[in-house]
Amino acid sequence: WRVLDDALAAGHSPSWVHVELIGGTAGRVGCEVAAGRRDLVEELIATTTATRLVAQLGARFRHRGRARGNVVMGSAPGEHHALALAIVANVVRLAGYAVIELGTDVPPEAFLAAVTHVEDPLAVGLGVTTAERLPAAMGVIAALRAAHPALPVVLGGQGVRNQEVAGLVGATTWAPDADAVVATIDRLANDRRRARRRSSAPLQS
């Protein structure tokens, strides 16, 4: 926590601390485990510590005032990598949005229930960390499309390499990182505001 505090005091943004410092460090530990330079116990401890720090940061930088919109986020069935989702959810919150974070291994019916209970959701964010989980993600998106055909679905994670893959799975768009998720949600929010202004403008005679 002192390292994070020092980074913030030095002028780094909360988003940078989430993505580059916490996420980057956890990713490097994972690479060292894969290369045999660290053991699995070290990776588990690093991931658990990082997850706790993300939760602390989320509480510290909780958005005040009215949210810019509501976003539902979760990972596909069979996914159990929670850290990346927690980081992205916090970064989206830092941008002023309310995030309904469902966690990992979320079945399609839970996504549908969350969307139904959220007032006017902007989008659903779906995380996939391995290519093996893409069929499960496709099932979630198919269920969302059947019930809410106009609701955008933003697909991201290490298991999704490009927009073409996201399109094949059925997503509206692909976001390669947390900043891209925020940029996509910003665009959706702006599009919605413009559409509402047009619909409420008086007709010209």
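Here, every reference points to the structure presented above.
Here the structure is a predicted model, which means the values were calculated and not measured.

## Notes on the side chain of asparagine 90
- Relative to the elements of secondary structure, asparagine 90 occurs in helix 4 (residues 82–94).
- Judged by its relative accessible area of 8%, asparagine 90 is buried.
- Side chain to side chain, asparagine 90 and histidine 18 meet in a polar contact 3.0 Å long.
- When near neighbours in sequence (up to four residues on either side) are disregarded, asparagine 90 contacts His18, Val54, Leu57 and Gly58.

## Digging into helix 3 (residues 40–60)
- With 21 residues, helix 3 should cover 30 Å at 1.5 Å per step; its first-to-last C-alpha distance of 30 Å lies within 8% of that length.
- Close packing links the buried residues of helix 3 with helix 1 (2–9), helix 2 (14–34) and helix 4.
- Where helix 3 begins, the side chain of aspartate 39 points an oxygen toward the backbone nitrogen of valine 41, at a separation of 3.2 Å.

## Details of the packing of helix 3 against helix 4
- Between helix 3 and helix 4, whose axes approach to 10 Å, the crossing angle comes to 15 degrees. Between helix 3 and helix 4, the angle falls in the class roughly parallel. Both helix 3 and helix 4 take part in a crossing whose hand is left-handed. On helix 4, the residues touching Ala50, Thr51, Val54, Leu57 and Gly58 of helix 3 are Leu83, Ala86, Ile87 and Asn90.
- For the contact of helix 3 with helix 4, the class distribution of residues is six nonpolar, three polar and no charged.

## Overview of the pairing of strand 1 (residues 70–75)
- Along strand 1, six of the six residues are buried, which leaves the element largely enclosed by surrounding structure.
- Residue alternation in strand 1 divides its side chains into two sets, Asn70, Val72 and Gly74 and Val71, Met73 and Ser75, and both sets are buried.
- Alignment of strand 1 against strand 2 (residues 98–101), held across four bridges, turns out to be parallel. In the sheet register, valine 72 faces strand 2, and the bridge partner there is isoleucine 100.
- In terms of handedness, the path from strand 1 via helix 4 over to strand 2 forms a crossover that is right-handed.

## Structural notes on the environment of alanine 150
- In this fold, alanine 150 is placed in the loop between helix 6 (134–147) and strand 4 (153–156).
- Residues alanine 150 and threonine 172, spaced 22 residues apart in sequence, show a C-alpha to C-alpha distance of 9.6 Å.

## With respect to the nonpolar core
- Residues Leu4, Val17, Ile22, Met73, Val92, Tyr97 and Ile185 are the most contacted members of the largest nonpolar core, which totals 34 residues.
- Counting only elements with at least two residues in this core, the list comes to helix 1, helix 2, helix 3, strand 1, helix 4, strand 3 (121–127) and helix 8 (178–200).
- Here leucine 4 is in contact with Val17, Leu21, Ile22, Leu53 and Leu57, once residues within four sequence places are set aside.
- Among the nonpolar cores identified, the runner-up in size contains 22 residues, and Ala114, Leu126, Val140 and Leu151 belong to it.

## What about the pattern of salt bridges?
- Per the counting criterion, the structure on display carries nine salt bridges.
- A salt bridge links aspartate 186 to arginine 68; the shortest N-O distance between them is 3.2 Å. Taken together, the positions of aspartate 186 in helix 8 and arginine 68 in the loop between helix 3 and strand 1 put the pair 118 residues apart, joining distant regions of the chain.
- Judged by relative accessible area, arginine 68 falls into the partly exposed class, the value being 37%.
- Ionic pairing is found between arginine 194 and aspartate 191, a salt bridge with its closest N-O pair at 2.5 Å. Of this pair, arginine 194 and aspartate 191 both sit in helix 8, three residues apart, which is roughly one turn of the helix.
- Judged by relative accessible area, which is 39%, arginine 194 ranks as partly exposed.
- Aspartate 191 sits in the partly exposed class, given a relative accessible area of 30%.
- What emerges from the salt-bridge pattern is a single network uniting Glu32, Arg38 and Glu42.

Here is what the cut-offs are and how they apply
Residues numbered from 1 in each chain as written. Predicted model: local features only at pLDDT ≥ 70, side-chain atom pairs only at ≥ 80, totals over all residues. Heavy atoms only, no water. Helix = DSSP H or I, 4+ residues; strand = E, 2+ residues; numbered from the N terminus. Buried < 20%, exposed > 50% of the residue type's maximum accessible area, 1.4 Å probe, protein only. Polar contact = N/O pair within 3.5 Å; in protein donor to acceptor, adjacent residues only side chain to side chain. Contact = heavy atoms within 4.5 Å. Expected span 1.5 Å × (residues − 1). Axes fitted to C-alpha atoms, helices over the stretch in contact; angles between N-to-C directions. Parallel < 35°, antiparallel > 145°, perpendicular 65-115°, else oblique. Left-handed = near helix turned anticlockwise from the far one by under 90°. Nonpolar A, V, L, I, M, F, W, Y, C, P; charged D, E, K, R; others polar. Pairing = 2+ DSSP bridges. Right-handed = clockwise from strand over helix to strand, strands pointing away. Core = buried A, V, L, I, M, F, W, Y, C linked by side-chain atoms within 4.5 Å. Salt bridge = Lys/Arg side-chain N within 4 Å of Asp/Glu carboxyl O.

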